[in-house]
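This is what each chain is made of:
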Amino acid sequence: MADAYVPRAEHRFTFGLWTVGNVGRDPFGEPVRAPLSPVAAVHLLADVGAWGVNFHDNDLVPIDASPAERERIVREFRAALAATGLVVPMATTNLFSDPAFKDGAFTANDPRVRAYALQKTMHAIDLGVECGATTYVFWGGREGSESDATKNPAEAIKRFREAINFLCAYVRDQGYALRFALEPKPNEPRGDIFLATVGAALGFIATLDHPGMVGLNPEVAHETMAGLNVLHAVAQAWEAGKLFHIDLNDQVPGRYDQDLRFGSVNIKQAFLLVKFLEDVGYAGSRHFDAHAFRTEDAAGVREFARGCMRTYLILKERAAQFNADADIQALLAEIHADDGAMAPFQGAYTAARAAALKAHPFDRAALGARGLAYERLDQLTIDLLLGVR
Ligand code: GLT
Ligand code: MN
Ligand code: MN
């Protein structure tokens, strides 16, 4: 039984260097764990069974490193990748830690900061591609404001568009096989962040010079912080052909940005998300963007990482069970039953179809009186998740 939950490469589980490397600093407390070198993180992730590791430029190469230091660090990191078989599917830029970015990066009011952000991102893209990345994430952590007296939000979106267009052109010019994934978040660390939700990012992408190169990296916690249904966000991104990456974690609504172990808060939501990803055949990384509780030592960090993958695999097994459950499937068949009577009214508009539909008599009372058995289906889902089916 236990073997079914052992992570393997084919599961495409990844972690960021910043996740298992999180030292447990928060706004009220100092670090509780020693920093983990990139090489040590690669070995830790290989030990627990992850497939890949992702990084921000400065998770790997410190912002002040000399070219010689950069070269040595990258050489040692790539040697660790080769020794363990871990891959780097995604990379990103740290455009939020350095004080230079206190007013954002691509949307900062200072044109020097905006130019520096572009320069830093081009170097970071080069680094990511050198390590094998094929997806490049843009989380606009500080692209926002505390007071809208300081910045015109429409101007900020224009600046954001100009930056992404510039960087798309840079990637094409270099001949890199790299796609961009925008990661929305509503707030924290800024009071409000631009492109706050998956829906906002989808609208923005349609306005870019190379919309085909740019998709989404939805995060469970971020949509939850916005009070939204993350599955709806992921599903809309998927349906638009824009689910390029996903950040899995968990979050209690109404709290600070928690980045909790995947599936540790809202089990039903996590189950339905895993079921969706598996049912549609999402083939990308399952990236866990979370970290261990601040109470944990190095052993607790491993428990955390193993737990994310274990929960995913348990939920994946439950999804297969749901799809094979005769009672559940019979109920679903009943719920989705279609006797074909409406076929003449379905499909694209024609004048004849519209006229026929306008003339058709409906038994409105009967439509409203019919019970849908959703309570039973939801309880069967809960029974299944609680292990009594
Ligand atoms: C940061 C943030 C995450 C982003 C990372 C990528 S960094 O930890 O909270 O949601 O995915 O920049
Ligand atoms: Mn987050
Ligand atoms: Mn994230």
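Quantities reported herein were computed from a predicted structural model and do not represent experimental measurements. Starting afresh in each chain, residues are numbered from 1 along the sequence in its written order. Throughout, the order in which chains and ligands are written sets their labels, letters from A for the former and numbers from 1 for the latter. Local features in this predicted model are restricted to residues whose pLDDT is 70 or higher, and side-chain atom pairs enter the listing and the counts only when it is 80 or higher, whereas totals over whole chains, interfaces and linings include all residues. Side-chain descriptors were evaluated using all non-hydrogen atoms of the structure, hydrogens and water having been removed beforehand.

**Comments concerning the site of ligand 1**
Okay, step 1: Near, as used in this document, describes a residue that has one of its heavy atoms within 4 Å of the molecule or strand being considered. Near ligand 1, the surroundings consist of Trp-18, His-56, Phe-96, Trp-139, Glu-183, Glu-219, His-222, Asp-247 and Asp-289.
Okay, step 2: Here an oxygen atom of ligand 1 and a side-chain polar atom of His-56 are 2.7 Å apart.
Okay, step 3: Glu-183 is positioned with one of its side-chain polar atoms (N or O) 2.6 Å from an oxygen atom of ligand 1.
Okay, step 4: Throughout, the Shrake-Rupley method with a 1.4 Å probe supplies accessible areas, and for residues the shown protein chains are the sole cover considered. Its free accessible area being 310 Å², ligand 1 has 91% of it covered by the protein chains.
Okay, step 5: Tallied by class, residues from the shell around ligand 1 come to three nonpolar, two polar and four charged. Think of a polar contact as two N or O atoms within 3.5 Å of one another; within protein, one of them needs to be a possible hydrogen donor and the other a possible acceptor, and neighboring residues in sequence only count if both atoms come from side chains. Under the scheme applied here, ten amino acids are nonpolar (Ala, Val, Leu, Ile, Met, Phe, Trp, Tyr, Cys and Pro), four are charged (Asp, Glu, Lys and Arg), and all others, including Gly, are polar.

**Considerations on the layout of surface pockets**
Okay, step 1: Space inside and on the surface of the protein is sampled on a 1 Å grid over the protein atoms alone, with a cavity defined as a set of points where a 1.4 Å probe fits but cannot get out and a pocket as an open set with protein on both sides within 12 Å along at least 5 of 7 lines; lining residues have an atom within 4 Å of a point. Grid points are joined across faces, edges and corners, and a volume is the space filled by probe spheres set on the points. Its volume calculated, the second largest pocket comes out at about 320 Å³.
Okay, step 2: In this structure, the second largest pocket is lined by 15 residues; those nearest its centre are Asn-58, Val-61, Pro-62, Ile-63 and His-123.
Okay, step 3: Looking at the lining of the second largest pocket, the elements with two or more residues in it are helix H3 (57-60), helix H4 (67-84) and helix H5 (111-130).
Okay, step 4: Helix numbers and strand numbers start at the N terminus; a helix is a DSSP run of H or I with at least 4 residues, a strand a run of E with at least 2. A total of six residues in the lining of the second largest pocket trace back to one element, the largest contributor, which is H5.

**Details of the coordination of the manganese ion (ligand 3)**
Okay, step 1: Any N, O or S atom lying within 2.8 Å of the metal counts as a donor, and for Na, K and Ca the limit rises to 3.2 Å; water is left out, so some sites can look incomplete. Surrounding the manganese ion (ligand 3) are the protein donor atoms Glu-183 (OE), Glu-219 (OE), Asp-247 (OD) and Asp-289 (OD), which sit 1.9 to 2.2 Å from the metal.
Okay, step 2: What the six donor atoms of the manganese ion (ligand 3) show is an angle range of 76 to 167° at the metal, which sorts the shape as octahedral.
Okay, step 3: Spacing between the donor residues of the manganese ion (ligand 3) along their common chain follows E-x35-E-x27-D-x41-D. Under this scheme a four-donor centre is tetrahedral when all angles range from 85 to 135 degrees, a four-donor centre is square planar and a six-donor centre octahedral when opposite donors are above 155 degrees with the rest from 65 to 115, and any other centre is irregular.

**Structural notes on the coordination of the manganese ion (ligand 2)**
Okay, step 1: For the manganese ion (ligand 2), the protein coordination sphere consists of Glu-219 (OE) and His-222 (NE2), at 2.2 to 2.3 Å.
Okay, step 2: Separation of the manganese ion (ligand 2) from the manganese ion (ligand 3) amounts to 4.0 Å, with Glu-219 serving as a shared donor to the pair.

**Observations concerning the packing of aromatic side chains**
Okay, step 1: Aromatic rings from Phe, Tyr and Trp, with only the six-membered ring used for Trp, were paired whenever their centres fell within 6.5 Å, and each pair was classed as stacked if the ring planes differed by under 30 degrees, edge-to-face if by over 60, and tilted otherwise. With the rule as written, the count across this model stands at 17 aromatic pairs.
Okay, step 2: Measuring from centroid to centroid gives 5.4 Å for Phe-13 and Phe-288, while their planes differ by 45°, and the two rings are tilted. One end of the pair, Phe-13, is in strand S1 (residues 13-16); the other, Phe-288, is in strand S10 (residues 286-288), with 275 residues separating them in the sequence.
Okay, step 3: The buried label applies to any residue whose accessible area, calculated with a 1.4 Å probe on protein chains only, is under 20% of its type's maximum; exposed applies above 50%, and partly exposed to all values in between. Judged by its relative accessible area of 0%, Phe-13 falls in the buried class.
Okay, step 4: A connected cluster of aromatic rings, assembled from ring pairs, spans Phe-13, Phe-15, Phe-262, Phe-288, Phe-304 and Tyr-312.
Okay, step 5: Counting as a charge over the ring demands two things of the Lys NZ or Arg CZ atom: a distance within 6 Å of the ring centre and an angle within 35 degrees of the ring normal. Sitting above the plane of the Phe-244 ring, Arg-179 keeps its charged end 3.6 Å from the centroid.

**Observations concerning the pattern of salt bridges**
Okay, step 1: We define a salt bridge as a contact between a side-chain nitrogen of Lys or Arg and a carboxyl oxygen of Asp or Glu at a distance within 4 Å. For the structure shown, the criterion picks out 16 salt bridges.
Okay, step 2: With its nearest N and O atoms 3.0 Å apart, the salt bridge here joins Arg-70 to Glu-130. Linking Arg-70 in helix H4 with Glu-130 in helix H5, this pair joins segments that are 60 residues apart in sequence.
Okay, step 3: Classification of Arg-70 by relative accessible area gives partly exposed; the value is 28%.

**A closer look at the pairing of strand S2 (residues 52-56)**
Okay, step 1: Among the five residues in S2, five count as buried, and that is most of the element.
Okay, step 2: With burial as the criterion, each face of S2 is covered, one bearing Gly-52, Asn-54 and His-56 and the other bearing Val-53 and Phe-55.
Okay, step 3: Bridge count for S1 against S2 is three bridges, and the pairing is parallel. Across the sheet, Phe-15 pairs through a bridge with Val-53, a residue of S2.
Okay, step 4: For two strands to pair, DSSP has to find at least two bridges joining them. Strand direction decides the pairing type here: S2 and strand S3 (residues 90-92), joined by two bridges, are parallel. Its bridge partner lying in S3, Phe-55 is registered against Ala-91.

**What to know about the nonpolar core**
Nonpolar side chains in soluble globular proteins tend to end up buried together.
Okay, step 1: As used here, the term nonpolar core means buried Ala, Val, Leu, Ile, Met, Phe, Trp, Tyr and Cys residues forming a set that is joined through side-chain atoms within 4.5 Å. In this structure, Phe-15, Phe-77, Ile-164 and Phe-180 are the most contacted members of the largest nonpolar core, which totals 96 residues.
Okay, step 2: The leading source of residues in this core is helix H11 (residues 298-324), at 10 residues.
Okay, step 3: Aside from chain neighbours lying at most four places away, what touches Ile-164 is Phe-138, Phe-180, Leu-182, Phe-204, Leu-208 and Val-214. Residue contacts are counted whenever heavy atoms from the two residues lie within 4.5 Å of one another.

**Brief notes about the side chain of Asp-325**
Okay, step 1: If you trace the backbone, Asp-325 turns up in the loop between H11 and helix H12 (326-335).
Okay, step 2: Given a relative accessible area of 11%, Asp-325 falls into the buried group.
Okay, step 3: Excluding residues that lie within four positions of it along the chain, Asp-325 makes contacts with Leu-384 and Arg-389.

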